[in-house]
Amino acid sequence: HVQLVESGGGSVQAGGSLRLSCVAPGYTHGTNCIGWFRQAAGKEREGVVAKYTNGGSIYYADSVKGRFTIFQDNAKDTVHLQMNSLKPEDTATYYCAEGCGENDVFDFEDWGQGTQVTVS
């Protein structure tokens, strides 16, 4: 178990970019899978990306594929989500997470408090 802390959210115009970050001591060393999910107002939770550590597979939601990229810095125990070409439908609270599900990779075990992203 690790404590996850997100940052980097904000308000941007459509077509703009944001980079979200998630950090905690031991984060990328203490789990086999990391990722992000989001939840828009009035909608169900939606998995964004899951990445197995140590060179494993990456799974992106179709809605963000080609626009969002996950990358990690093991030396800093930090995971980033680079979001480009943002659309209004990307507006949501974004949560970093770890511990991917057995049947569904987006069924995460733990997550942080979330950071708000608003695209207009």
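Note that the structure is predicted; figures quoted are calculated from it, not measured. (Residues numbered from 1 in each chain as written. Predicted model: local features only at pLDDT ≥ 70, side-chain atom pairs only at ≥ 80, totals over all residues. Heavy atoms only, no water.)

## Considering the pairing of strand 3 (residues 18–23)
Filter applied, for reference: In this scheme, strands are said to pair when DSSP sees at least two bridges between them. Numbering of helices and strands runs from the N terminus, with a helix taken as a DSSP run of H or I at least four residues long and a strand as a DSSP run of E at least two residues long.
Of the strand pairs in this sheet, strand 1 (residues 5–7) and strand 3 are connected by three bridges, and their pairing is antiparallel. For Val5, the partnering residue across the bridge sits in strand 3 and is Val23. Relative to strand 8 (residues 78–83), strand 3 is paired through six bridges, and the arrangement is antiparallel. Of the residues in strand 8, the one forming a bridge with Ser21 is His80.

## Regarding the state of the cysteines
Heads up, the rule is: Two cysteine sulfurs form what is called a disulfide whenever their separation falls within 2.5 Å. Burial classes: relative accessible area under 20% of the type maximum marks a residue as buried, over 50% as exposed, and values in between as partly exposed (1.4 Å probe, protein chains only).
This structure, assessed with the given rule, holds two disulfides. The disulfide that involves Cys22 links it to Cys96, with 2.1 Å between the sulfurs. Between Cys22 and Cys96, the S-S dihedral sits near 55°, and the bridge is therefore right-handed. Here Cys22 is found in strand 3, whereas its partner Cys96 is found in strand 9 (residues 92–98), with 74 residues between them in sequence. The same class applies to Cys22 and to Cys96, which are both buried. The residue that forms a disulfide with Cys33 is Cys100, at a sulfur-sulfur distance of 1.8 Å. One disulfide, between Cys33 and Cys100, carries an S-S torsion of -75° and so falls in the left-handed class.

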